[in-house]
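For reference, the chains in residue letters:
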Amino acid sequence: MKKSFLFLILLKAFFVGSLVEARVTYDLSGSSGTRDGSSFSEVHLGLNWYVDEWLNWRNSVFTQFGTDIKTINGLDSEALLNYEAYTQSRALGIELFAGPGVRLASEKSNAVFGKAGVTFAIGGLRIGGGAQALHYLEDRTDKNDNVLNKDEVQYFITLTGGGSL
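Treat the numbers as computed from the prediction; the structure is a model and nothing was measured. (Residues numbered from 1 in each chain as written. Predicted model: local features only at pLDDT ≥ 70, side-chain atom pairs only at ≥ 80, totals over all residues. Heavy atoms only, no water.)

Asker: So what about the environment of Thr25? Which residues, and what values?
Answerer: With respect to the helices and strands, the residue Thr25 is situated in strand β1 (residues 23-35). Remark: the alpha-carbon pair of Thr25 and Trp49, spanning 24 residues in sequence, is separated by 6.7 Å. Apart from the residues lying within four places of it in its own chain, the contact partners of Thr25 are Gly46, Leu47, Asn48, Tyr50, Gly163 and Ser164. (Helix = DSSP H or I, 4+ residues; strand = E, 2+ residues; numbered from the N terminus. Contact = heavy atoms within 4.5 Å.)

Asker: Give a description of the pairing of strand β7 (residues 125-136) that names residues and reports values.
Answerer: Here is the key point about a regular strand: its side chains alternate between the two faces of the sheet. In this structure, strand β6 (residues 111-122) lies alongside β7, joined through twelve bridges in antiparallel fashion. Directly across from Phe120, in β7, lies its bridge partner Ile127. Across eleven bridges, the pairing between β7 and strand β8 (residues 151-164) is antiparallel. Opposite Arg126, over in β8, you have Thr160 as the bridge partner. (Pairing = 2+ DSSP bridges.)

Asker: Tell me about the pattern of salt bridges, residues and numbers included.
Answerer: One pass over the structure, following the stated rule, counts nine salt bridges. One salt bridge connects Arg103 with Asp76, and the closest N-O pair in it is separated by 2.8 Å. Highlighted residues: Arg103 in strand β5 (residues 92-105) and Asp76 in strand β4 (residues 72-86), separated in sequence by 27 residues. Accessibility classification places Arg103 together with Asp76 in one group, the buried group. Between Lys150 and Asp139 there is a salt bridge; the shortest N-O distance is 3.9 Å. Of this pair, Lys150 sits in the loop between β7 and β8 while Asp139 sits in the loop between β7 and β8, and the two are eleven residues apart along the sequence. On the accessibility criterion, Asp139 (55% relative accessible area) is exposed. When salt bridges with common partners are traced through the structure, they connect Arg23, Glu84 and Arg90 into a single cluster. (Salt bridge = Lys/Arg side-chain N within 4 Å of Asp/Glu carboxyl O. Buried < 20%, exposed > 50% of the residue type's maximum accessible area, 1.4 Å probe, protein only.)

Asker: How would you sum up the side chain of Gln64? Please name residues and give values.
Answerer: The residue Gln64 is located in strand β3 (residues 55-66) in this model. Within the structure, Gln64 has its side chain in polar contact with the side chain of Glu42 (distance 2.5 Å). Setting aside residues no more than four positions away along its own chain, Gln64 makes contact with Arg35, Phe40, Ser41, Glu42, Ile69, Lys70, Thr71, Ile72, Arg103 and Gln154. (Polar contact = N/O pair within 3.5 Å; in protein donor to acceptor, adjacent residues only side chain to side chain.)

Asker: Quick rundown of the side chain of Ser60? Include the residues and the values.
Answerer: Mapped onto the secondary structure, Ser60 falls in strand β3. Side-chain polar atoms of Ser60 contact the side chain of His44, separated by 2.9 Å. Aside from chain neighbours lying at most four places away, what touches Ser60 is His44, Leu45, Gly46, Gly74, Leu75 and Asp76.

Asker: Any details on the packing of aromatic side chains? Residues and values, ideally.
Answerer: Summed over the entire model, instances satisfying the criterion amount to one aromatic pair. Geometrically, the ring pair formed by Trp49 and Trp57 is tilted, given 6.0 Å between the ring centres and 50 degrees between the ring planes. The partly exposed category is assigned to Trp57, whose relative accessible area is 41%. Taking the ring centre of Phe156 as reference, the NZ or CZ of Lys115 above it sits at 5.4 Å. One cation-aromatic arrangement involves Arg140 over Tyr136; the distance from NZ or CZ to the ring centre is 3.5 Å. (Phe/Tyr/Trp six-rings, centres within 6.5 Å; stacked < 30°, edge-to-face > 60°. Lys NZ or Arg CZ within 6 Å of the ring centre and 35° of its normal.)

Asker: Could you give an account of the pairing of β4, with specific residues and numbers?
Answerer: Of the strand pairs in this sheet, β3 and β4 are connected by ten bridges, and their pairing is antiparallel. Residue Val61 lies in a different strand from β4, and its bridge partner there is Leu75. Counting the residues between successive antiparallel strands, the hairpin from β3 to β4 contains five residues. Where β4 and β5 come together, eleven bridges link them in antiparallel fashion.

Structural data, given as structure tokens:
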């Protein structure tokens, strides 16, 4: 009984200590790209939990829409290795990120992916870009019932604004 009580106290101290050091931010971002010859846009509302200065667990709800594609809604969850170089006020800087993720989405668009990119910070505005390589787990079709590739690379440019919690 004493050992389990001591273990619970140590576990609580570890997690409370980790949460105090961790940084949580949110952002709203948009991007656009092409898939199988059709253009699309995506809008993400993201929550970033910087578990450590080099690790960001990002979760974002999104919607993807376009003229020839089915509208997709879902959640992207990713573990991003992060490198930042910011001024002390965080008003100017650069951020490099890369890592794996999973997409849980409607329209048979569940996927696993790898993502990498760079973001530049100027004031409260973040401008960035990168690539996301997705492997879809099921066969998908567009609005015209054309079969879409299971593997795709999306190149993205983002314009982001956000804040800290």
